[in-house]
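Listed below are the residues making up each chain.
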Amino acid sequence: MSWNIAKPWRLVAATLATALGLVAVPAARAGDIDYGKPGTPVHLVIGYQPYYTESWSGVVMRGKKLYEKYLPKGSTVDFSIGLQGAVIVNAMLAGKENIGYVGDMPGIVSTTKQDVADIRIVAAIGLGTDECNIMLARTNAPPFASAADGLKWLQGKNVGIPLGSCADRFAREAFKKAGVTPAAVLNQSIEVITSGFRAGKLDAAVVWEPTASRLVQEGLARRIASGATVGATDGAFLTMRADLIKQRPDIVRAWLNAELDAELYVADPKNAMEVARMATEQTTGFKEKMLWSSLYGSNPVASGGTPQRLTLPFAITPPVAQLLDSATVFLHSIKSISVDKLRPEAVMPEFAQQILKERGLTAPVGKVMAMPDSAYTGK
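Right, let's walk through the structure included here. Predicted, not measured: the structure shown is a model, and the values here were computed from it. (Residues numbered from 1 in each chain as written. Predicted model: local features only at pLDDT ≥ 70, side-chain atom pairs only at ≥ 80, totals over all residues. Heavy atoms only, no water.)

### Re the nonpolar core
Within the largest apolar cluster, 121 residues are counted, with the highest numbers of intra-cluster contacts made by Leu44, Leu238, Met240, Trp255 and Leu256. At 11 residues, helix 11 (residues 249-267) tops the list of elements feeding residues into this core. When neighbours within four sequence positions are excluded, Leu238 is seen to be in contact with Ile99, Gly100, Tyr101, Arg120, Ile121, Val122, Ala123, Ile125, Trp255, Leu256 and Glu259. Listed in part, the 8 residues of the second largest apolar core include Val89, Leu93, Val102 and Val116. (Core = buried A, V, L, I, M, F, W, Y, C linked by side-chain atoms within 4.5 Å. Buried < 20%, exposed > 50% of the residue type's maximum accessible area, 1.4 Å probe, protein only. Helix = DSSP H or I, 4+ residues; strand = E, 2+ residues; numbered from the N terminus. Contact = heavy atoms within 4.5 Å.)

Structural data, given as structure tokens:
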């Protein structure tokens, strides 16, 4: 299916390149950073996305300071919020950040920019079907008996999608499987999509959590389908600069041990309210209930809901590897990257695998199951 884009493709391509971290990076490869000798204190800058629910182990890492248990004494850590994955990718390429919590698309793109700086994927921090892949419709759309019916309604409609994102990949697959052709696919940011729903100028959009829960709870849109409707997966990854991995494998292991603790914390339903509280403290414009709903809330199957909101793989499991392969092919097909298969060293699963073995655990390390609204005990 070819996109009917309501703006010149050259402009869309430029916007897409920016969104995926293909511009605004140094022309020459950045030199290696000196991280000191193994065992010595280190200073780290962590790029993370509290506005992307699937990567919320980073929220817990910051809120609980779990890394302090594992890093050499005297080490310091700064957290830098990225409103989108491309911001984190650019900062890592420029040597301003060392570790990044990103979605699958920017994570893949980052590993293909080795002429600028070498970035590797070292762990999978989230895997789901309705964290990025969420189809919303205007509130006055007709009622649908099923999510499949909701997708069919999109025939001839105007749909806002951040092109090149995981939402874009899902939308193309959903439209193909449903056999529908929108009147126009509008390359729109989350902010523009929100304004479009508020002004009544948008029929539908594909967005990710926690924005989806916010739009629904603000009464601006309603869910009609998700990746669960068509079997489409979304994910999030932990990336590290290769110079950090080479010089300080002790730091890689330390951070991954703390990351494992964070994923176990997220998966424990007793911690749901505390995770939502930390996310509230680290974001603006979201109410605590919206944030809780984005990870722990339940949605009807008829609108794409699923009993399992998130899988926490930690290691590069077969489903994670399959997502990486298919997403790489997609990015190549839309000319966002020059390869349709990642270089072998782009993904380094050995650290996570060894840590699981040492701690007597297997992947996935946890699952987040949907809870009824009555489980929310906040204000």
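### Re the state of the cysteines
Enumeration according to the criterion identifies 1 disulfide in this entry. Bridging Cys132 to Cys166, the disulfide has an S-S length of 1.7 Å. Around the S-S axis, the bridge from Cys132 to Cys166 shows a dihedral of about 85° and counts as right-handed. Of this pair, Cys132 sits in the loop between strand 4 (119-128) and strand 5 (134-137) while Cys166 is found in helix 6 (residues 166-178), placing the two residues 34 residues apart along the sequence. Considered together, Cys132 and Cys166 belong to a single accessibility category, that of buried residues. (Disulfide = S-S within 2.5 Å.)

### Brief notes about helix 14 (residues 318-333)
When the terminal C-alpha atoms of helix 14 are compared, their 23 Å separation across 16 residues agrees well with the 22 Å that a helix rising 1.5 Å per residue should span. A positive phi of about 65° marks Lys335, the residue just after helix 14. (Expected span 1.5 Å × (residues − 1).)

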